[in-house]
Amino acid sequence: MATMLADTRSVWVRESLTIWRDPFSLIFSLLQPLIFLALFGPLLSGIAGEGDLGTSSLQWFLPGVVVMITMFGTSMVGSNLQYELMTGAFERILATPLSRPALLVGRALKELTPLVIQAAIITLVAVPFGFELFPAHIALGLLLLGLFGVGVGSLSYALAIAARKNEWVFWAVQQTLLFPLLILSGMMLPLDTGPEWMQVLSKLNPLTYMVEAERVLFTGSLGIEVLWGAVAACATAAIGLWVGIRSVTRTDF
Amino acid sequence: MIHTEKLTRSFRVGKETVEAVRGVDLDVAPGELVAFLGPNGAGKSTTLKMLTSLLAPTSGTARVAGLDVLADPAGVRQRIGYIGQNTGAGLSYRVWDELFLQGRFYGLSRSEATDRGRELVSSLALDGMELRKVSSLSGGQKRRLDIALGLIHSPELLFLDEPSTGMDPQNRANLWEHIIRLREQHGTTIVLTTHYLEEADTMSERVVVIDHGRIIADDTAARLKAKQAGDRITFTVWPADVPRAREVAERAGEVTGDVSGTVTLRAESGDRVLPGLLSALANQQVAVQAATLHQPTLDDVFLSLTGRSLREGVDA
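Residues numbered from 1 in each chain as written. Chains lettered and ligands numbered in written order. Predicted model: local features only at pLDDT ≥ 70, side-chain atom pairs only at ≥ 80, totals over all residues.

**A short note on the overall build of chain A**
- A tally of regular secondary structure across chain A gives 11 helices and zero strands.
- Since a compact globule built from 253 residues should have a radius of gyration of about 18 Å, the 19 Å found for chain A is in line with a globular shape.
- For chain A, the spread of C-alpha atoms along the principal axes amounts to about 60 × 40 × 35 Å.
- The 253 residues of chain A split such that 40% are buried.
- Summarising the internal contacts of chain A: among those between residues at least 6 apart in sequence, 77% fall at separations of at least 24. (Helix = DSSP H or I, 4+ residues; strand = E, 2+ residues; numbered from the N terminus. Rg over C-alpha atoms; globule rule 2.2 N^0.38 Å. Buried ≥ 20, exposed ≤ 12 C-beta atoms within 10 Å, placed from the backbone. Contact = placed C-beta atoms within 7 Å.)

What follows is the structure, encoded as structure tokens:
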């Protein structure tokens, strides 16, 4: 276990170097959710009108944005891997005694690192616009998202390995899955008024439970939604790691 | 250092099962320098991947550096170095970052990784490149960095998969200098794969010829050549002299044919046979217009073993 943690740290350090050695990319990735919030937020409060969302559409919308950037970041884990799969770097790292779960978790954590900073910034920026801040709840929310993100990152990793011979397949699958998952989680628009089939699909979408849990947490409360969110996060992490480790150990590169 | 029994690996391609490696029994003693020679697709790399625990065998066993590859793959990886076919260093990373972290991956402490990294930077002539991006290095420099990465934990056994593919002759010679020095200084056991005949011929003490997933020969290059091919002498005379010439040639070796005045024979130590043959022909009043001696290469060995030339399998 101690080795696994040390290994995870080493993998995370190596992956993070791409950010620290070239911080420009980080600056742009910080701007992205801000732009999203600035352009989407006003429209949303317009739709919501004087309804129950009107009081603080931000309080409703911001957790969704945080979940969205988690999904964007961690579902890209595989794309960074693709480059190293094409050169010999991936094979070289596989030939080291690094623990296999550490390979997956370290990479996912790298995508989650900027997320913490991104979440902190957009939350702080939102405060002057009427966003109420509950730091302990947000920290718990980010922890759950981190767990969820490790699962998504590992699945993305496995996808890149499966698609190593045609790299466009990775993008085709990632894009095809990402947007339906995001929309069907009620992240951007509430699904309550949607048709029944959409509501059924959304119940099957683990992301829905994440979004609902984050919304509850960001308003500073705790509820059964948080518990379901934790279940969804743990299940995603467990399945993701299982699939990821299998694909690392069973594939002939 | 390596002991395998009936090591086998098959792959499923669609509905067919392709047997890449079929029952390899191999023993490598500490300190040996062994080359796996064979055409592309012969099973060399698959064998290497099983020995380095990157690929699980379908059946059979392999003990590498004292450990079973299936029971303790991480332990095997800790004790061996592996340098793959392609650039192992991440192209967007700095040279030193990759080297230092590789040390951490093998469980070295920060100070150990720093010391060992510095040592390798100077012994592999990478001084001054520590802060350069890997993508900005030349081909030869990248390869030297790969070797440094493979040696960071001072392994007792080093695997190199096609180490010099795509390198120019100068860089190849330079690479070999490093490999040979490594062996002299540390007694490292080295196993490599190659499809360069010359490389297996001149550099390795032991050549393991692999074809269709099986070991078809295993000996020193010199003995393989003497055993499998023998020297070939070819000389040309007037067509009228051929019967007499053949008679003389029969005494020097095994005549394998004559085509329009050109007689071919096989002989052991052809370089010693040729002068005597020429003077015997002169004594019989046979005028020799041309004579050549062809000493076999490993390609001839491969041709004699399989009926195919290795060169056909070499990348265009």
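**A closer look at the interface of chain B and chain A**
- Contacts between the two partners involve 26 residues from chain B and, on the opposite side, 19 residues from chain A.
- Top element by residues in the side of chain B that touches chain A is helix α3 (residues 95-105) of chain B. It accounts for four residues.
- Of the residues assigned to the side of chain B that touches chain A, the class counts are 12 nonpolar, 10 polar and four charged. (Nonpolar A, V, L, I, M, F, W, Y, C, P; charged D, E, K, R; others polar.)

**Structural notes on the packing of helix α7 (residues 135-162) of chain A against helix α11 (residues 224-250) of chain A**
All names here are of chain A.
- Interhelical geometry of α7 versus α11 gives an angle of 25° and a closest axis separation of 7 Å. Regarding the angle of α7 to α11, the classification is roughly parallel. Note that α7 runs across α11; the crossing there is left-handed.
- Here the residues of the contact of α7 with α11 sort into 18 nonpolar, seven polar and no charged. (Axes fitted to C-alpha atoms, helices over the stretch in contact; angles between N-to-C directions. Parallel < 35°, antiparallel > 145°, perpendicular 65-115°, else oblique. Left-handed = near helix turned anticlockwise from the far one by under 90°.)

**Quick notes on helix α11 (residues 298-306) of chain B**
Residue and element names in this part refer to chain B.
- Considered for burial, the residues of α11 that qualify are Leu-298, Asp-300, Val-301 and Phe-302.
- Those residues of α11 hidden inside the fold are in contact with β3 (33-37), α7 (197-203), β9 (206-211), β10 (214-219) and α8 (221-228).
- Immediately beyond the C-terminal end of α11, within one or two residues, lies Gly-307, with a positive phi of roughly 80°.

**Notes on the sheet that holds strand β6 (residues 80-83) of chain B**
Residues and elements named next belong to chain B.
- An order of β6-β7-β8-β3-β9-β10 is seen for the six strands of this open sheet, with the pairing classed as mixed. Looking along the sheet, the strands with just one partner apiece sit at the ends: β6 and β10. Strand after strand, the sheet turns through a mean of 15° between neighbouring axes, direction not considered.
- Note that β9 and β10 share five bridges and pair antiparallel. What sits directly across from Ile-210, in β10, is Ile-215.
- On the sheet, helix α5 (residues 139-151) packs against β6 and β7 (157-161) and is oriented at approximately 160° with respect to β6. (Pairing = 2+ DSSP bridges.)

**Some words on the confidence of the model for chain B**
All names here are of chain B.
- Confidence along chain B averages 87 in pLDDT terms, with 98% of residues attaining 70 or more.
- When mean pLDDT is taken per element in chain B, α3 scores highest with 95 and α7 scores lowest with 77.
- Predicted as a complex, the structure gets a pTM of 0.82 and an ipTM equal to 0.83. (pLDDT = per-residue confidence, 0-100.)

**Observations concerning the domain arrangement of chain B**
- You can read the domains of chain B as domain 1 (2-225) and domain 2 (230-295).
- The straight-line distance from the C-alpha centre of domain 1 of chain B to that of domain 2 of chain B is 45 Å. (Domains from an automatic or database assignment.)

**Digging into the pairing of strand β12 (residues 254-259) of chain B**
All names here are of chain B.
- Relative to strand β13 (residues 262-267), β12 runs antiparallel, the two sharing five bridges. Along β13, the bridge assignment pairs Gly-257 with Thr-264.
- If you look at the hairpin formed by β12 and β13, you'll find two residues sitting between the two strands, and Ser-260 has a positive phi there, around 40°.

**A closer look at the pairing of strand β2 (residues 16-28) of chain B**
Residues and elements named next belong to chain B.
- Bridge count between strand β1 (residues 2-13) and β2: nine bridges; the pairing is antiparallel. Paired with His-3 across the strands is Asp-27, a residue of β2.
- Linkage of β1 to β2, two consecutive antiparallel strands, is achieved through a turn of two residues, within which Gly-14 is found at a positive phi near 65°.

**Section: the nonpolar core**
- A:Met210 and B:Ala148 are the most contacted members of the largest nonpolar core, which totals 123 residues.
- Residue contributions to this core peak at 14 residues, all from α7(A).
- Of all hydrophobic cores here, the second largest spans 12 residues; its members include B:Ile233, B:Phe235, B:Val263 and B:Leu265. (Core = buried A, V, L, I, M, F, W, Y, C linked by C-beta atoms within 7 Å.)

**A closer look at the packing of helix α4 (residues 77-86) of chain A against α7(A)**
Residue and element names in this part refer to chain A.
- With their axes 8 Å apart at the nearest point, α4 and α7 run at an angle of 35° to one another. The two elements α4 and α7 cross, and the hand of that crossing is right-handed. Here α4 contributes Val-77, Gly-78, Ser-79, Leu-81, Gln-82 and Leu-85 to the contact with α7, which in turn contributes Gly-153, Ser-156, Tyr-157, Leu-159 and Ala-160.
- Broken down by class, the residue content of the contact of α4 with α7 amounts to six nonpolar, five polar and no charged.

**Here we look at unusual backbone geometry**
Residue and element names in this part refer to chain B.
- Non-glycine residue Lys-6 carries a positive phi angle of around 50°.
- With respect to the secondary-structure elements, Lys-6 resides in strand β1.
- Among the residues examined, Lys-6 registers 14 C-beta atoms within 10 Å and is labelled partly exposed.
- Even without being glycine, Ser-260 reaches a positive phi, approximately 40°.

**A few points about the sheet that holds strand β14 (residues 288-294) of chain B**
All names here are of chain B.
- What the four strands build is an open sheet, ordered β12-β13-β11-β14; its pairing is antiparallel. If you trace the sheet from one side to the other, it starts and ends with β12 and β14, each paired once. Looking at each pair of strands side by side, their axes are set apart by 15° on average, direction ignored.
- Sheet contacts for helix α9 (residues 242-252): β11 (231-237), β12 and β13; angle to β13, the most-contacted strand, approximately 10°.
- Together, β11, β13 and β14 form the strand contacts of helix α10 (residues 270-283), whose direction differs from that of β14 by roughly 165°.

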